[in-house]
Amino acid sequence: KDYFDAKVFLNPNSYYESIGTFNFDGGIGYNLGKYNILLNGGRNFFAGYSPVDTSRYKLWKPKEQYFTDSQFNAFRDRMTIRYSGKYFYDYILNRGTPVQPYNEFAFDDHYKTYRLSNTLSVKGEVGEGRYIDVQADYSTYERRKNTFLKNLVTLKEVLTADSTDQDTSDFKSWMLRGTYSHDNAFEKLSYQIGFDINLQSGSGAKIKNKEDNIDDYAAFVSFQYLPIKEITIQPAVRYIYNSKYKAPVIPSLNIRAELSDAFALRMSYAQGFRAPSLKELYLLFVDVNHNIKGNEELVAEKSHNFNIGVDIHAESEKHAFKLENNFYYNYINDLIYLINTDIVNNMYSYVNIGTFKGLGYNITLSYMRHNFSSKIGASISANSYESKDPKFNLS
C-alpha cells in the first residue's frame, strides 16, 4: 500500500492448525500527510509431523520462520520517494535417529537461510511532460548447513569433523534501473530512454573457485508514435552486455488501434534474452526438502513472443461491460528448466531442454457499476518441447 486515509491502522492475523502449525503476523501504518510509514512482521512455526510419531525423527521436518518488511513513503508536489526493506529468516531442524547400539548419540542437521533486501526509488514529474523513475536495490542471500553430533544424555552438541557436513553459501545482488520519459516531445511522438544494471556475486565451497560473479548491463529506448488519434505505434530496442554470455540486440513492436468507441485491437512482437543466474549455475541446495544442483554448462535462453488482443467495451450511465480476448504464442530456444536428472538419488538440476513452443487464448468478461465490480475469465493453453513430443499437447 502506498496510500491510506486513516491516521493509524492495524492488521493482526493468526492461524492455527491441529497438525502443529502456529502462525502469527501483523501490520501497522502511520499516516503523516506527506509521509507515511508501514511495518509488517510475523512468525510461522511448524512442529514437524510423522505418521508414526517418535521423540526425535520427523518425516516432515520442524520449521520456524521470521519475516519483516518496512516501507517509508515521502510525497512531494510532483515526486514520490520510497524506501522498502525486507528481512526473512528460515530454520529447519532435521533430528537424526539415535545411533545404535546404546542410543546415546544422534546426528542433527541445522539449515538456516537469511534473506535481506533494500530498495530505494524516486519517481515523478521533473518538467512539463517529463518524468523520471529510478530504482536501486541491494539484496543478500545466505544459506548455512551444519551437522552436529548430539549427546542425548548431556544434551551437548559439537560440529562433526567431516568438513563436507558444513557448508555456507552466500549470494549478493545489486540492481540499478532508471528511465526518463518525455511525452509529446515532438508532434505526435513521445519517447523513453533508460538503463538497467544487474550485478550478482556468489561465494561458497560448492562454487567453482570458491567465488564467482555475473554482470548484466542494458540500455534501451522506446518511441510512441500516433499517426492518427486512433492508432498508437510503439517500437523499442534494447542493447545488453553480459559478462559471461553474448547477448543479442532485442527489438520489440507494439501497435494499438481504436477501431471504434467499442472496439480496440492490440498486437505486439518482442524478442527476449535471459542469461542463467548464479544460483542456476553454481548453487548446491541440499537439505531435507531439496536436492538441487546447479549446472555450469547452461546456455542463455532466447525467445520470440507474439500477442494479439481484441477488447470490446460497452457502457451506459449505470453499467459498463468489457470483454477482453488475447491470443499469444511463445517460442523459446534453450529453455532453462528444473528436472530430475538422477532418479536413484532424487537429484534435480537445471538444464537446457531444447526448444519450447507455447500458445494460448485468454478471455475475460468484466462488469462494473457504482460500488460494484465483477470479473470472470477462462484460458486454454498448449505447449510442446522439441526434445519430447513435437506435437502440441493441451494442458
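Reading guide: rules and limits
- Residues numbered from 1 in each chain as written.
- Predicted model: local features only at pLDDT ≥ 70, side-chain atom pairs only at ≥ 80, totals over all residues.
- Heavy atoms only, no water.
- Helix = DSSP H or I, 4+ residues; strand = E, 2+ residues; numbered from the N terminus.
- Polar contact = N/O pair within 3.5 Å; in protein donor to acceptor, adjacent residues only side chain to side chain.
- Contact = heavy atoms within 4.5 Å.
- Phe/Tyr/Trp six-rings, centres within 6.5 Å; stacked < 30°, edge-to-face > 60°.
- Buried < 20%, exposed > 50% of the residue type's maximum accessible area, 1.4 Å probe, protein only.
- Lys NZ or Arg CZ within 6 Å of the ring centre and 35° of its normal.
- 1 Å grid on protein atoms, 1.4 Å probe; cavity = no way out; pocket = protein on both sides within 12 Å on 5 of 7 lines; lining within 4 Å.
- Points joined across faces, edges and corners; volume = space filled by probe spheres on them.
- Nonpolar A, V, L, I, M, F, W, Y, C, P; charged D, E, K, R; others polar.
- Salt bridge = Lys/Arg side-chain N within 4 Å of Asp/Glu carboxyl O.

Caption draft 1: Fine view of the side chain of Q166. Note that Q166 resides in the loop between β8 (157-159) and β9 (167-186). Reaching out from Q166, the side chain makes a polar contact with the backbone nitrogen of T147 at a distance of 3.1 Å. In terms of polar contacts, Q166 uses its side chain to reach the side chain of T160, at 2.9 Å. Every residue in contact with Q166, bar those within four places of it in the chain, is listed here: K145, N146, T147, L159 and T160.

Caption draft 2: Layout of the environment of D165. If you trace the backbone, D165 turns up in the loop between β8 and β9. Separated by 178 residues in the primary sequence, D165 and I343 have C-alpha atoms spaced 23 Å apart.

Caption draft 3: Molecular detail of the packing of aromatic side chains. Counted by the stated rule, this structure contains 15 aromatic pairs. With centroids separated by 5.2 Å and ring planes inclined at 45 degrees, the aromatic side chains of Y89 and Y114 adopt a geometry described as tilted. Remark: Y114 occurs in strand β6 (residues 105-127) and Y89 occurs in strand β5 (residues 79-95); sequence separation between them is 25 residues. Between Y141 and F171 the ring centres are 6.1 Å apart and the planes differ by 55 degrees, which places this aromatic pair in the tilted class. Of this pair, Y141 sits in strand β7 (residues 130-151) while F171 sits in strand β9; the two residues are 30 residues apart in sequence, bridging distant segments of the chain. Classification of F171 by relative accessible area gives buried; the value is 5%. Three or more aromatic residues joined by ring pairs form one cluster here, namely Y16, F22 and F45. It is K279 that lies over the ring of Y141; its NZ or CZ is 3.8 Å from the centre. Geometry around F171 places K279 over its ring, the cationic atom sitting 5.9 Å from the centre.

Caption draft 4: Representation of the layout of surface pockets within the structure. Space inside the largest pocket adds up to approximately 420 Å³. Lining the largest pocket are 25 residues, with N198, L199, Q200, D216 and A275 positioned closest to its centre. Among the secondary structure elements, those contributing two or more residues to the lining of the largest pocket are β7, β9, β10 (189-204), β11 (211-228), β12 (231-242), β14 (263-274) and α1 (278-282). Considering every element that reaches the lining of the largest pocket, the biggest residue donor is β9, with 5 residues. Looking at side-chain class alone, the lining of the largest pocket contains 11 nonpolar, 7 polar and 7 charged residues.

Caption draft 5: The pattern of salt bridges, seen in detail. By the definition in use, this model includes 11 salt bridges. With a shortest N-O distance of 3.3 Å, R274 and E280 are connected by a salt bridge. Residue E280 is classed as buried on the basis of its relative accessible area, which comes to 11%. R274 is the salt-bridge partner of E301, the closest N and O atoms lying 3.5 Å from each other. Taken together, the residues span a long stretch of sequence, with E301 in strand β17 (residues 301-315) and R274 in strand β14 at a distance of 27 residues. Under the relative-accessibility criterion, E301 is labelled buried at 10%. Accessibility expressed as a relative area gives 32% for R274, which makes it partly exposed.

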